[in-house]
Amino acid sequence: TGHELQNISTLFENVPTLLGLNGNNCPGELAIYIHGIWATPEEAKEQTERVYLSLQDINYEVPVIGFSWISDTAFSERGWDLAKMIANKNGPLLAKFINGYKEICPGDEIRLIAHSLGSRVTLSAFQSLYDDNRFRIIDSVHLLGGAVDNEQISLDSQDCINNIPKLECSGEAINATTRIFFNLYNKEDNMLTPFYSGTDESYPYKDAENDDALGGIGKQLDISSPPNYNEENVENYIPSQLNVDYEDANGDGQCDIPAQTAFGSICPISVQGDNHMGYMGFRDPNGKIIDRGAIEIVVDNWKNIQ
């Protein structure tokens, strides 16, 4: 939940015990996946595994660990607000783990991949690292469908004064703590943008925040972003019915984001880019990766900055 436990220092700073590292067996590179809202522990594990399998499908070998936080709050406005608070509190814990890892493996590259509200966990971690003067400790960051306001990455602290719960604008922390930062947004994402492009209809993120999402349309145009900030529209990497079962990214045979109507439950995922759960790739019913989603772009970026 983000609350500190009595043994929190031992748990998050004793990385050798957690990962079996002794300083002589460091992998050289580590990817950390941070899941989004309304993921059970089992779903968080599945998503982390899907990221790993998508990376393997591209022949990119890197250890992947998942940072799991309690995000499966009630599917309601109150549940959303509670999940944001928990995300804020988990940022410093992620920062502690990263610090502990770098103390054992100082030469390793650390790469973060954050989905949905996991973006808030990540940006909260950056603020904690920045406050502790931990500079350039992260090698790369990718936000996938980031469920944070699109002014959050501003360099001007005044742009985020209305952020609830409070989270400082992340621009300075991004610039100081990481080498390069990527926002992979998606103008068709059904959770972050209108179901029908070009309309003013309500949609989940707008209803909850009365603002635009960084992962839906990219950064707010009139803000100043950090020099290491990059963004790309990846809607074409979230497939449609032409190539895979576009409604079902985890391969469980169910619509990933069902909606309730007066006529019963429907699946509003209908076109390329719609599925908010497809960034990490798509599985078939046997668990095999059949589409890499936006992980293909992640790997392209990693290769270009090496």
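### Examining the overall build of the protein
Consideration 1: Each helix and strand in the protein was counted, giving nine helices and 10 strands.
Consideration 2: When burial is assessed residue by residue, the protein has 54% of its 306 residues classed as buried.
Consideration 3: At a minimum sequence separation of 6, the contacts of the protein that also span at least 24 residues come to 76%.
Consideration 4: Here the protein displays about 13,700 Å² of accessible surface, and carbon together with sulfur accounts for 48% of that area.
Consideration 5: Measuring between centres, the 20 positive side-chain charges of the protein sit 6 Å from its 46 negative side-chain charges.

### Re the pattern of salt bridges
Side-chain pairing between opposite charges can occur once the charged atoms of the two side chains come close.
Consideration 1: Counted according to the given criterion, the structure contains 11 salt bridges.
Consideration 2: Residue Glu-46 is joined to Arg-283 by a salt bridge in which the shortest nitrogen-to-oxygen separation is 2.8 Å. Note that Glu-46 is positioned in helix H3 (residues 41-57) and Arg-283 in strand E9 (residues 282-283), a separation of 237 residues in sequence.
Consideration 3: A salt bridge links Arg-179 to Asp-139; the nearest nitrogen and oxygen atoms lie 3.1 Å apart. A residue pair is termed long-range when its members are at least 10 positions apart, and Arg-179 in strand E5 (residues 178-185) and Asp-139 in strand E4 (residues 138-144) qualify at 40 residues.

### A few points about the layout of surface pockets
Take a probe with the size of a water molecule and roll it over the atoms, and the empty space left behind shows itself.
Consideration 1: Quantified by volume, the largest pocket comes out at close to 1,000 Å³.
Consideration 2: Residues belonging to the lining of the largest pocket are distributed by class as follows: 18 nonpolar, 10 polar and seven charged.

### Brief notes about the sheet that holds strand E6 (residues 229-233)
Consideration 1: The parallel open sheet is built from six strands, whose spatial order is E2-E1-E3-E4-E5-E6. Pairing within the sheet leaves two strands with one partner each, and these edge strands are strand E2 (64-67) and E6. Each adjacent strand pair in this sheet contributes to an overall mean axis angle of 20°, direction not counted.
Consideration 2: Here strand E1 (residues 29-34) pairs with strand E3 (residues 109-115) via six bridges, running parallel. Each bridged residue has a counterpart across the sheet, and for Leu-30 the counterpart in E3 is Ile-110.

### What about a negative patch on the surface?
Consideration 1: On the surface, a cluster of negative charge is contributed by Glu-42, Glu-43, Asp-72 and Asp-252.
Consideration 2: With respect to the helices and strands, Glu-43 occurs in helix H3.
Consideration 3: Glu-43 sits in the partly exposed class, given a relative accessible area of 35%.

### Here we look at unusual backbone geometry
Consideration 1: With omega at -5°, the peptide bond leading from Ile-164 into Pro-165 counts as cis.
Consideration 2: Locating Pro-165 in the fold gives a position in the loop between E4 and helix H6 (171-177).
Consideration 3: Residue Trp-38 is not a glycine yet carries a positive backbone phi of 60°.
Consideration 4: The residue Trp-38 is located in the loop between E1 and H3 in this model.
Consideration 5: A residue is classified by how much of its surface remains accessible, and Trp-38, at 24% relative accessible area, is partly exposed.
Consideration 6: At Ser-116, a residue that is not glycine, the phi angle is positive and equals roughly 55°.
Consideration 7: Looking at where Ser-116 falls in the secondary structure, it is placed in the loop between E3 and helix H5 (118-131).
Consideration 8: Look at Ser-116 and you get buried, because its relative accessible area is 4%.

### Looking at the packing of aromatic side chains
Consideration 1: Summed over the entire model, instances satisfying the criterion amount to seven aromatic pairs.
Consideration 2: Considering the side-chain rings of Tyr-60 and Trp-302, the 5.1 Å spacing of their centres and the 55° angle between planes classify their relative orientation as tilted. Taken together, the positions of Tyr-60 in the loop between H3 and E2 and Trp-302 in helix H9 (residues 295-305) put the pair 242 residues apart, joining distant regions of the chain.
Consideration 3: Each ring, one from Phe-126 and one from Phe-181, has its centre 6.3 Å from the other, and the planes form 65°; the classification is edge-to-face. Residue Phe-126 is located in helix H5, and its partner Phe-181 is located in strand E5; the two are separated by 55 residues in the primary sequence.

### Here's the deal with the nonpolar core
When a protein is soluble and globular, its nonpolar side chains tend to lie buried together.
Consideration 1: Ranked by internal contacts, the top residues of the largest apolar core, which has 76 residues, are Ile-32, Ile-34, Leu-112, Phe-126, Ile-138 and Trp-302.
Consideration 2: Sort the elements by how many residues they give to this core and helix H4 (residues 77-104) lands first, with 10 residues.
Consideration 3: The contact partners of Leu-112, leaving out residues within four places of it in the chain, are Ile-32, Ile-34, Ile-98, Thr-122, Phe-126, Ile-138, Ser-140, Val-141 and His-142.

### Quick notes on the packing of H4 against H5
Consideration 1: It is the contact of H4 with H5, at a shortest axis distance of 7 Å, that shows an interaxial angle of 55°. Taken together, the axes of H4 and H5 lie oblique to each other. Seen from above, H4 lies across H5 with right-handed handedness. On H5, the residues that touch Lys-84, Ala-87, Asn-88, Asn-90, Gly-91, Pro-92, Leu-94, Ala-95 and Asn-99 of H4 are Arg-120, Val-121, Thr-122, Ser-124, Ala-125, Ser-128 and Leu-129.
Consideration 2: Split by residue class, the contact of H4 with H5 holds seven nonpolar, seven polar and two charged.

Here is what the cut-offs are and how they apply
Residues numbered from 1 in each chain as written. Predicted model: local features only at pLDDT ≥ 70, side-chain atom pairs only at ≥ 80, totals over all residues. Heavy atoms only, no water. Helix = DSSP H or I, 4+ residues; strand = E, 2+ residues; numbered from the N terminus. Buried < 20%, exposed > 50% of the residue type's maximum accessible area, 1.4 Å probe, protein only. Contact = heavy atoms within 4.5 Å. Areas by Shrake-Rupley, 256 points an atom, 1.4 Å probe, with all protein chains shown as cover. Lys, Arg positive; Asp, Glu negative; His and termini not counted. Charge placed at Lys NZ, Arg CZ, Asp CG, Glu CD. Salt bridge = Lys/Arg side-chain N within 4 Å of Asp/Glu carboxyl O. 1 Å grid on protein atoms, 1.4 Å probe; cavity = no way out; pocket = protein on both sides within 12 Å on 5 of 7 lines; lining within 4 Å. Points joined across faces, edges and corners; volume = space filled by probe spheres on them. Nonpolar A, V, L, I, M, F, W, Y, C, P; charged D, E, K, R; others polar. Pairing = 2+ DSSP bridges. Axes fitted to C-alpha atoms, helices over the stretch in contact; angles between N-to-C directions. Patch = residues over 30% accessible without salt bridge, like charges linked within 9 Å, V, L, I, M, F, W, Y side chains within 5 Å. Phe/Tyr/Trp six-rings, centres within 6.5 Å; stacked < 30°, edge-to-face > 60°. Core = buried A, V, L, I, M, F, W, Y, C linked by side-chain atoms within 4.5 Å. Parallel < 35°, antiparallel > 145°, perpendicular 65-115°, else oblique. Left-handed = near helix turned anticlockwise from the far one by under 90°.

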